[in-house]
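Structure at a glance
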Amino acid sequence: MGALVTLDLPADAPALTLPWIITFGPLNEDEEWEPVVAGPYERAHALALAEAVVADEDLMAVVEPLQPHVTAEQILGDIAASRLAAENEDVETAALDEELADYGDGHHDHDHDDPDHTHEAPSIEEIRAGFARIAARLTA
């Protein structure tokens, strides 16, 4: 049997109305494979699908809301809030620090020669147009 991890939210939490994704990964540290991300779904559907998949498999499923941020500042705000929460809860960060140190030498998981790659954030209008394209593909 696997494990399911999700947020414990009050019944009136705004995040409950957001689209949700499921990230499936290995339950055991002995396994090494890239996680599989599925979604977006409504929260109830995401939880039910995750439960069905991990019921008889040694997998971990993380069910979390997608945050439809339209600016880099909104994303950075959530990152700052998450970091602050981790500090306040005295969360063990050694593994994360080690992982981040791997990226300190200029290593990135993207191709610098890719002409579509840019460090300039897309505009709010571009992001919202992307949301519309994704919605159209999901409902086609």
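Note that the coordinates shown come from a computational prediction; the quantities given were computed from them, not determined experimentally.

Reading the values: rules and limits
Residues numbered from 1 in each chain as written. Predicted model: local features only at pLDDT ≥ 70, side-chain atom pairs only at ≥ 80, totals over all residues. Heavy atoms only, no water. pLDDT = per-residue confidence, 0-100. Contact = heavy atoms within 4.5 Å. Core = buried A, V, L, I, M, F, W, Y, C linked by side-chain atoms within 4.5 Å. Buried < 20%, exposed > 50% of the residue type's maximum accessible area, 1.4 Å probe, protein only. Helix = DSSP H or I, 4+ residues; strand = E, 2+ residues; numbered from the N terminus. Pairing = 2+ DSSP bridges. Phe/Tyr/Trp six-rings, centres within 6.5 Å; stacked < 30°, edge-to-face > 60°. Lys NZ or Arg CZ within 6 Å of the ring centre and 35° of its normal. Axes fitted to C-alpha atoms, helices over the stretch in contact; angles between N-to-C directions. Expected span 1.5 Å × (residues − 1). Arc of directions from axis to C-beta.

**Things to note about the confidence of the model for the protein**
Per-residue pLDDT for the protein has a mean of 82; in total, 79% of the residues score no lower than 70. Across residues 103-112, confidence stays below pLDDT 50; counting only partners more than four residues off in sequence or on other chains, it has five contacts.

**Quick word on the nonpolar core**
Formed by Trp20, Ile22, Phe24, Ala46, Leu47, Ala50, Val54, Leu59, Ala61 and Val63, the largest nonpolar core amounts to 10 residues. Residue assignment for this core shows that the elements contributing at least two residues are β2 (20-26), α1 (43-54) and β4 (59-65). Considering every element that reaches this core, the biggest residue donor is α1, with four residues.

**Quick look at the pairing of β2**
When you tally the buried positions in β2, you get six out of seven residues, the bulk of the element. Summarising the sheet, β2 and strand β3 (residues 36-41) pair through four bridges and their orientation is antiparallel. When the bridges of β3 are listed, Phe24 appears paired with Val36. Across seven bridges, β2 lies against β4 in antiparallel orientation.

**Considering the packing of aromatic side chains**
According to the stated counting rule, one finds zero aromatic pairs in the structure shown. Note that Arg43 overlies the ring of Trp20, its terminal NZ or CZ placed 4.9 Å from the centroid.

**A look at the sheet that holds β2**
Taking strand neighbours across the sheet as the criterion, the four strands line up as β1-β4-β2-β3 in an open arrangement whose pairing is mixed. Each of the sheet's edge strands pairs with one partner strand only, and the pair in question is β1 (3-6) and β3. When the angles between neighbouring strand axes are averaged without regard to direction, this sheet yields 20°. Sheet analysis places β1 next to β4, joined by four bridges and oriented parallel. Along β4, the bridge assignment pairs Thr6 with Val63.

**Section: the side chain of Thr23**
For Thr23, the position within the fold is in strand β2. Look at Thr23 and you get buried, because its relative accessible area is 18%. Excluding anything up to four places from it in sequence, Thr23 contacts Pro35, Val36, Val37, Met60, Ala61, Val62 and Glu64.

**A word on the side chain of His69**
Secondary-structure assignment places His69 in the loop between β4 and α2 (72-88). Among all residues touching His69, those that are not within four sequence positions of it are Gln74, Ile75, Asp78, Ile127 and Phe131.

**Some details on α1**
When the terminal C-alpha atoms of α1 are compared, their 17 Å separation across 12 residues agrees well with the 16 Å that a helix rising 1.5 Å per residue should span. Among all positions of α1, only Arg43, Ala46, Leu47, Ala50 and Val54 are buried. For α1, the angular spread of the buried residues around the axis is 95°, confining them to a single face. Exposed and facing more than 90 degrees away from the buried side of α1 are Ala44 and Ala52. Looking at the buried residues of α1, the elements they touch are β1, β2, β3 and β4.

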